[in-house]
Amino acid sequence: AAPGRGLAASYEILRHTFSILKENGGNAVIVVKRRNSEKEKYSLFDVGFFHTVTINKLGLEDKIMMSKLPFVFSPIKSLVFLLGIRKVKNIKDYHNEEIERFCAEREIGIRILEG
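Let us look at the structure shown here. Please read these numbers as outputs of a predicted model, since none were measured by experiment.

With respect to the overall build of the protein chain
Reasoning step 1: Across its full length, the protein chain holds 6 helices and 3 strands.
Reasoning step 2: Helices (α) and strands (β) of the protein chain occur, in sequence order from the N terminus, as α-β-α-α-α-α-β-α-β.
Reasoning step 3: Here the C-alpha atoms of the protein chain give a radius of gyration of 15 Å, agreeing with the 13 Å that 2.2 N^0.38 yields for 115 residues.
Reasoning step 4: Of all 115 residues assigned to the protein chain, the portion counted as buried reaches 35%.
Reasoning step 5: When contacts within the protein chain are restricted to residue pairs at least 6 apart in sequence, long-range pairs at least 24 apart make up 68% of them.
Reasoning step 6: Accessible surface for the protein chain amounts to roughly 7,600 Å². Of this, 55% is attributable to carbon and sulfur atoms.
Reasoning step 7: Computed over 19 positive and 14 negative side-chain charges, the inter-centroid distance for the protein chain is 10 Å.

Okay, here's the thing in structure tokens:
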């Protein structure tokens, strides 16, 4: 739901939250804009899902402070996030072997959509 979130950030969040999906039958859907499908960066909206160890491993320590004051550091994206503005057109299936393998090993259904 975070504006500009890339596929890498969505996958990292899935890796840290997959246990909340129903065992033996849970499903996940990732929708990413075409221009963000190969994006490797993480935003201040992503760090709230990560454990401190992951934040340190990914070098996102500066994003912690920024995530506490999102309107100061990212006012437009904060408004887009709060208002729920989303425009996704021409949606098609997108395949990522690493994500699909991760989900298959945990018996999670996955669908990745790119628009």
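So, the environment of leucine 21
Reasoning step 1: Its location among the elements puts leucine 21 in the loop between helix H1 (7-17) and strand S1 (27-32).
Reasoning step 2: Each C-alpha atom of the pair leucine 21 and histidine 51 lies 18 Å from the other, and the pair is 30 residues apart in sequence.
Reasoning step 3: Every residue in contact with leucine 21, bar those within four places of it in the chain, is listed here: Leu14, Gly26, Asn27, Ala28 and Ile108.

So, the sheet that holds strand S2 (residues 92-93)
Reasoning step 1: In spatial order, the strands read S1-S3-S2; together these 3 strands make up an open sheet with mixed pairing. At either margin of the open sheet sits one strand with a lone partner, and together these are S1 and S2.
Reasoning step 2: Summarising the sheet, S1 and strand S3 (residues 109-114) pair through 6 bridges and their orientation is parallel. From the neighbouring strand, alanine 28 faces S3, where its bridge partner is isoleucine 110.
Reasoning step 3: Running over the sheet, H1 touches S1 and S3 and is turned about 160° from S1.

Re the nonpolar core
Burial of nonpolar side chains together is a common tendency in soluble globular proteins.
Reasoning step 1: The biggest cluster of nonpolar side chains holds 11 residues, and these are Leu7, Tyr11, Leu14, Ala28, Ile30, Tyr94, Ile99, Phe102, Cys103, Ile108 and Ile112.
Reasoning step 2: Mapped onto this core, the elements with two or more residues apiece are H1, S1 and helix H6 (97-105).
Reasoning step 3: Other than its neighbours up to four places away in sequence, isoleucine 99 contacts Leu7, Tyr11, Leu14, Ile110 and Ile112.
Reasoning step 4: One finds Tyr42, Val47, Phe50 and Leu60 within the second-largest nonpolar core, a separate group that totals 8 residues.

Reading the values: rules and limits
Residues numbered from 1 in each chain as written. Predicted model: local features only at pLDDT ≥ 70, side-chain atom pairs only at ≥ 80, totals over all residues. Heavy atoms only, no water. Helix = DSSP H or I, 4+ residues; strand = E, 2+ residues; numbered from the N terminus. Rg over C-alpha atoms; globule rule 2.2 N^0.38 Å. Buried < 20%, exposed > 50% of the residue type's maximum accessible area, 1.4 Å probe, protein only. Contact = heavy atoms within 4.5 Å. Areas by Shrake-Rupley, 256 points an atom, 1.4 Å probe, with all protein chains shown as cover. Lys, Arg positive; Asp, Glu negative; His and termini not counted. Charge placed at Lys NZ, Arg CZ, Asp CG, Glu CD. Pairing = 2+ DSSP bridges. Axes fitted to C-alpha atoms, helices over the stretch in contact; angles between N-to-C directions. Core = buried A, V, L, I, M, F, W, Y, C linked by side-chain atoms within 4.5 Å.

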